[in-house]
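Read off the chains here:
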Amino acid sequence: WEAGGFPLFSGSKIGSFFQEKPVLKNPFLEDALLRAYLRRHLPEESVSSDLRAFGERVANEVDGWGRECEVTPPRLVHFDPWGRRVDHIVTSSAWKRMKDLSAEEGLVAIGYERAYGEWSRVYQMSKLFIFSPSSGLYTCPLAMTDGAAKVIQSIGVSWPVDEAYSRLTTRQPERFWTSGQWMTERQGGSDVASGTETVAVSQSDGSYKLHGFKWFTSATDADMTLTLARTQDQTGATTPGSRGLSLFYAEVCRDEDGLLKGIEVQRLKDKLGTRQMPTAELLLDGLPAHKLSAEGKGVASIANMLTITRIHNSISAASGMRRVVQLARDYATRRTAFGKLLKDHPLHMQTLARMEVETRGAFLLVMDVCRLLGKEECGLASQLDTHLLRLLTPVVKLYTGKQAVAVVSEGLESFGGQGYIEDTGLPAMLRDVQVLSIWEGTTNILSLDVLRCVARSSGMVLHAYFSHTKSLLSGASSVSSLAPAVKAVEAALSELKDFVQVAATRPPGYLELAARDLAFSLARIYTGALLIDHACWKEASPSDTYAALRWCEQALCPVGTKEKRGCYDPNTPPLDAALVYE
Ligand code: UCC
Ligand code: FAD
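Residues numbered from 1 in each chain as written. Chains lettered and ligands numbered in written order. Predicted model: local features only at pLDDT ≥ 70, side-chain atom pairs only at ≥ 80, totals over all residues. Heavy atoms only, no water.

Asks: Mind showing me how you'd approach the overall build of the protein here?
Replies: Check the secondary structure of the protein and you find 19 helices and eleven strands. Relative to the 2.2 N^0.38 estimate, which gives 25 Å for 582 residues, the radius of gyration of the protein is 25 Å and therefore close to what a compact globule would have. In terms of principal-axis extent, the alpha carbons of the protein reach across some 80 × 75 × 60 Å. Looking at the protein residue by residue over its 582 residues, the buried ones come to 53%. Partitioning the intrachain contacts of the protein with sequence separation of at least 6 by distance along the chain shows that 75% fall at a separation of at least 24. As displayed, the protein has an accessible area near 25,400 Å², and 54% of this comes from carbon and sulfur atoms. Of the side chains in the protein, 64 bear a positive and 67 a negative charge, and the two mean positions are spaced by 3 Å. (Helix = DSSP H or I, 4+ residues; strand = E, 2+ residues; numbered from the N terminus. Rg over C-alpha atoms; globule rule 2.2 N^0.38 Å. Buried < 20%, exposed > 50% of the residue type's maximum accessible area, 1.4 Å probe, protein only. Contact = heavy atoms within 4.5 Å. Areas by Shrake-Rupley, 256 points an atom, 1.4 Å probe, with all protein chains shown as cover. Lys, Arg positive; Asp, Glu negative; His and termini not counted. Charge placed at Lys NZ, Arg CZ, Asp CG, Glu CD.)

What follows is the structure, given as C-alpha cells:
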C-alpha cells in the first residue's frame, strides 16, 4: 500500500519501479581504443574535434533518425491513382535526411579529398564507424557510392562518368548522388559468371541498352548504378562465363511522363533485417547504359568496388559490436539483480569483457586494412602492403561478419528479456548484422577468394603476411607482460607455415576444404599481432595488454589443428554429405 491508503497495484497503477534504459553517449568519446588509435596514427586536432562534434550529433540527433528509418520502412507504389505505372519507392524523411547529412559530413568525400594523405581513409572510416549503428543502414548506399567512385577513379574520370564522379564525392547535399551495385541475378549471387543473364544491346551512338533481371538491388533509390551484362555480337550471341561479362554504368532517372527509364521495379524484398533500406527486384527493360570496362573484364573491373564495399562491411561489423558493448556496459550501471548492479557481478563483467576483446580485435583488423588502402591510394604502398591489402580484404570481411553476429547476439542477452523487445531498438541490431556475412560475398566465397589471391601471387601474398605479422611482434620482445601472447602468436605462425607446406603437397580439393579454417587462422593470428603491437605503444593502457593476452588465449590457428586430424582428407566430403543427409 502507498501512503494515503491507495493500493499499489490498482486501476492504471502498475507499481512504482521502472527500469532506466541504456543511454547512448557520444560514441567517439566513449571509445577509448578509437581515440587512442587516432592519437597514435593521426593526432591532428582537426580530426579529433570533427569526430567529437560528429559523435555528439550522432548521439543527440542522428540516432533518432536511424530509429525513424527502422519504424518507417520504405514502400513501393506501383501505380498512381489514375492507373499509370510509376514505381515510386517511398522512403522516410529520416532516410532523406541521412543523404544530406552524409554529403555535409563528407562521409564519402573525405576518402577522395585526401586532406590527411595516406591517413584519409582511416579518418573517413572512423567517422563511418561512429555513424554506422545510428545510420538507419544509410551506410549501405554510402558503401556502394564509395565503391563506384573508386571504380570510376581507377578507370579514369572522364566522359561519361566525370559528372557522376563529382557528384558521388561532393559535400554539397543538392549535388550528392548515391550509387547502386547490381550484380546478383536469380541464378547466382556468388557465381556471378554463370548467373548473369542480362544482355547489353549496342546502339548506333556507341551506348547500350540493358535487358535482364536483377534479383537483389539495395538502396534502389540511388541516382546511378554499376552493373554487369553480356554484350551481344551482331548475331545476338553472347560469351558465357566471366569472360563474357562487362561493366556498365547507368543513371536511374525518369522520363517526361515520370516513368523510370528502362526499369520496372518488380517488388521490394521482405527482409529479416536492413528493413530501413529498400532492396528491390528490378526488370531492366532497355535501360540506357555505357560500357566502362574492356570487353569481358567486368568482374575484374568491379573488383575495386568489392574491395571498398567489403571494407565498409567490416567497419559496420566492428561498429555494431562496439555499439552493443557501449550500451551493455551502460546498462550494467543501471540494472540491479540479486542486490547489486550488473556491473558488480564478476561473471557478467567477464561476459562483457569477452565481447570487448572481440570488438577491439575487429577494430584493429579493419583499421589496419583502411591504413593499407590509404597507403595504396596515395602511391605509398610497398609491394608487401599491396599484397597484404589484397589478402586481408576478404579476411577482414568474412571474419568480422561472423564476429558481429556472435557479439551482438551476446550483447542482446546482456539486457535480459529487454534485449528481445522490439521497440527497445536492440533486436534490429542483431537482424542488421546478420546480413554482413551474406552480402558482398558469403563466408565461403570469401574464403575461396583468399585461396584465389594466394594462388595468383605465387606465394608472395603469404610471404608478405608472414613477414609483416612477425614485424608487428618486434616491439614486444622486451615487454615481459606480453610474453605469453607473443609466444602464442609465434607458435600459431609456425603451425600455419607447416600447414602451408603440407597443403602444397596434397591433391586438389584439399585446400578448398581448408579454406574457411585457413581464413579464420589468418584473421586470428594477424589480429593477435595487431593487439600486441598496440599494447607496445608507449601510451598504451594496461587494458591494451590484457586484451592482447586474452585474444591470444584462443585457438589462433584452427587450420593447423584440423589438418593434423585429417579434416581435409579426400574421404571427408562423402562423409560430410552422408552425415548431413542421413
Ligand atoms: O551484395 C551486394 C550489395 C549489398 C549492399 C552493399 C553493402 C555494403 C556494405 C555496407 C555495410 C552496411 S552486391 C553483390 C556482391 N556480390 C559479390 O560479392 C559476389 C560474390 N562472388 C565473388 O566474389 C566471386 O569470387 C566473383 C564473382 C568476384 C568471381 O568469381 P569467378 O567467376 O570465379 O571469378 P574469376 O574468374 O576467378 O575472376 C574473374 C576476374 C579475375 O581477373 P582477370 O580476369 O584479370 O584474371 C580475378 O582475378 O576477377 C578478378 N577478381 C578479383 N580481383 C575476382 N575477385 C577479385 C577480388 N576480390 N579482387 C581483385
Ligand atoms: P548462393 O550463391 O546460392 O549461395 C548459397 C550458399 O552456398 C552460401 O552459403 C554460399 O556460401 C554457398 N556457396 C556457394 N558457392 C559455394 C562454393 N563454391 N563453395 C562453398 N560454398 C558455396 N546483390 C547485389 O548485387 N546488389 C545488391 O544491392 C544486393 N543487396 C542485397 C541485400 C540483401 C539484404 C541481401 C540479403 C542480399 C543482397 N544482394 C545484393 C545479394 C547478395 O550479394 C547475394 O545474396 C550473395 O552474394 C549470395 O548469393 P546467393 O544469394 O545467390 O547465394
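Let's pick the thread back up.
Asks: Please explain the domain arrangement of the protein as it appears in this structure.
Replies: How large an interface is tends to be reported as the accessible area lost when its parts come together. With domains assigned, the protein is organised as domain 1 (32–168), domain 2 (179–298) and domain 3 (458–582). Each of domain 2 and domain 3 has a C-alpha centre, and these two points are 40 Å apart. (Domains from an automatic or database assignment.)

Asks: Hey, could you run me through the nonpolar core in this one?
Replies: Across soluble globular proteins, you tend to see nonpolar side chains buried next to one another. With 151 residues, the main nonpolar core has Phe131, Tyr465 and Ile532 as its most contacted residues. The element contributing the most residues to this core is helix α16 (residues 510–536), with 15 residues. Discounting residues that sit within four places of it in the chain, phenylalanine 131 has contacts with Phe54, Val58, Val62, Met98, Leu101, Ser102, Leu107, Tyr138, Thr139 and Leu142. Of all hydrophobic cores here, the second largest spans 18 residues; its members include Leu260, Ile263, Ala280 and Leu284. (Core = buried A, V, L, I, M, F, W, Y, C linked by side-chain atoms within 4.5 Å.)

Asks: Sorry if this is basic, but what is going on with the site of ligand 2 here?
Replies: In the neighbourhood of ligand 2, 21 residues make up the surrounding shell, with Gln181, Thr184, Ser190, Ser218 and Thr442 lying closest. Measuring from a nitrogen atom of ligand 2, one finds a side-chain N or O atom of threonine 184 at 2.7 Å. Within the side chain of threonine 442, an N or O atom sits 2.6 Å from an oxygen atom of ligand 2. Protein chains shield 65% of the accessible area of ligand 2, which is 970 Å² for the free molecule. For the shell around ligand 2, the secondary structure elements donating two or more residues are β3 (179–182), β5 (208–218) and α13 (443–456). Classifying every residue of the shell around ligand 2 by side-chain character gives eight nonpolar, eleven polar and two charged. (Near = heavy atom within 4 Å. Polar contact = N/O pair within 3.5 Å; in protein donor to acceptor, adjacent residues only side chain to side chain. Nonpolar A, V, L, I, M, F, W, Y, C, P; charged D, E, K, R; others polar.)

Asks: Could you clarify how one ought to interpret the site of ligand 1 in this entry?
Replies: Neighbouring ligand 1 are 28 residues, the closest being Ser190, Lys297, Arg310, Arg452 and Arg456. Contacts to ligand 1 include glycine 441, whose backbone N or O atom sits 3.1 Å from an oxygen atom. Arginine 452 places a side-chain nitrogen or oxygen 3.0 Å from an oxygen atom of ligand 1. If ligand 1 stood free it would expose 1,200 Å²; the protein chains cover 80% of that surface. Contributions of two or more residues to the shell around ligand 1 are made by α6 (139–155), α8 (192–195), α9 (298–331) and α13.

Asks: Whenever I open this one, the environment of aspartate 449 confuses me. Can you help?
Replies: Assignment of secondary structure puts aspartate 449 in helix α13. Each residue touching aspartate 449, except ones within four places of it in the same chain, is listed here: Arg310, Arg390 and Pro394. At 2.9 Å, the side chain of aspartate 449 and the side chain of arginine 390 are in polar contact.

Asks: Explain the pattern of salt bridges here, please?
Replies: A side chain with one charge can pair with a side chain of the opposite charge if their charged atoms come near. Summed over the entire model, instances satisfying the criterion amount to 43 salt bridges. The partner of arginine 40 in a salt bridge is aspartate 533, with the nearest N and O atoms 3.3 Å apart. With arginine 40 in helix α1 (residues 32–41) and aspartate 533 in helix α16, the pair connects residues that are 493 residues apart, well separated along the chain. Residues glutamate 113 and arginine 171 are paired through a salt bridge, measuring 2.6 Å at the closest nitrogen-oxygen approach. (Salt bridge = Lys/Arg side-chain N within 4 Å of Asp/Glu carboxyl O.)

Asks: Can you help me understand the pairing of strand β4 (residues 199–202) in this one?
Replies: When a strand is regular, its side chains alternate between the sheet's two faces. Looking at chain direction, β4 and β5 are connected through four bridges and run antiparallel. When the sheet's bridge partners are listed, valine 199 is paired in β5 with histidine 211. In sequence, β4 turns back onto β5 through a hairpin of five residues, with glycine 206 there showing a positive phi of about 95°. Looking at chain direction, β4 and strand β6 (residues 224–231) are connected through two bridges and run parallel. Across the sheet, alanine 200 pairs through a bridge with threonine 231, a residue of β6. (Pairing = 2+ DSSP bridges.)

Asks: How do you make sense of helix α10 (residues 346–377) when you look at a structure like this?
Replies: Count 3.6 residues to each turn of an α-helix, and residues three or four apart come out pointing the same way. With 32 residues, α10 extends 46 Å from end C-alpha to end C-alpha; this agrees with the ideal 46 Å at 1.5 Å per step. A large share of α10 lies buried, amounting to 23 of its 32 residues. Following α10 by one or two positions, glycine 379 has its phi on the positive side, about 70°. (Expected span 1.5 Å × (residues − 1).)

Asks: What am I meant to see in the packing of helix α14 (residues 460–473) against α16 here?
Replies: Where α14 meets α16, the closest approach of the two axes is 8 Å, and the angle between their N-to-C directions is 30°. Classified by the interaxial angle, the pair formed by α14 and α16 is roughly parallel. Here α14 runs over α16; the crossing is left-handed. Across from Leu462, Tyr465, His468, Thr469, Leu472 and Leu473 in α14, the residues of α16 making contact are Ser521, Leu522, Ile525, Tyr526, Ala529, Leu530, Ile532 and Asp533. In terms of residue class, the contact of α14 with α16 is built from ten nonpolar, three polar and one charged. (Axes fitted to C-alpha atoms, helices over the stretch in contact; angles between N-to-C directions. Parallel < 35°, antiparallel > 145°, perpendicular 65-115°, else oblique. Left-handed = near helix turned anticlockwise from the far one by under 90°.)

Asks: How should I be thinking about the pairing of β3 in this particular structure?
Replies: Both faces of β3 are covered, namely the face carrying Ser179 and Gln181 and the face carrying Gly180 and Trp182. Pairing between β3 and β6: four bridges, direction parallel. Across the sheet, tryptophan 182 pairs through a bridge with threonine 227, a residue of β6.

Asks: Would you mind showing me how to read the side chain of glutamate 563 here?
Replies: Mapped onto the secondary structure, glutamate 563 falls in helix α18 (residues 558–564). Ignoring anything within four residues of it in the chain, the contact list for glutamate 563 reads Phe499, Val502, Arg506, Tyr510 and Tyr568.

Asks: Just checking my understanding: could you explain the packing of aromatic side chains for this structure?
Replies: Any two aromatic rings considered together are summarised by their centre-to-centre distance and by the angle between their planes. Counting across every chain of the model gives 16 aromatic pairs. Both rings, one in tyrosine 37 and one in phenylalanine 363, keep their centres 5.7 Å apart while their planes meet at 90°; by these two values the pair is edge-to-face. Residue tyrosine 37 is located in helix α1, and its partner phenylalanine 363 is located in helix α10; the two are separated by 326 residues in the primary sequence. Judged by its relative accessible area of 5%, tyrosine 37 is buried. You can call phenylalanine 363 buried: its relative accessible area is 2%. (Phe/Tyr/Trp six-rings, centres within 6.5 Å; stacked < 30°, edge-to-face > 60°.)

Asks: Mind showing me how you'd approach the packing of helix α2 (residues 45–71) against helix α5 (residues 120–131) here?
Replies: The description of two packed helices rests on the angle between their axes and on the distance between the axes. With their axes 9 Å apart at the nearest point, α2 and α5 run at an angle of 20° to one another. When the interaxial angle is binned, α2 and α5 end up roughly parallel. When the axes of α2 and α5 are compared, the crossing they make is right-handed. When α2 is examined against α5, the residues Val47, Asp50, Leu51, Phe54, Gly55, Val58 and Val62 are found in contact with a partner set consisting of Tyr123, Ser126, Lys127, Ile130 and Phe131. Counted by class, the contact of α2 with α5 contains eight nonpolar, two polar and two charged residues.

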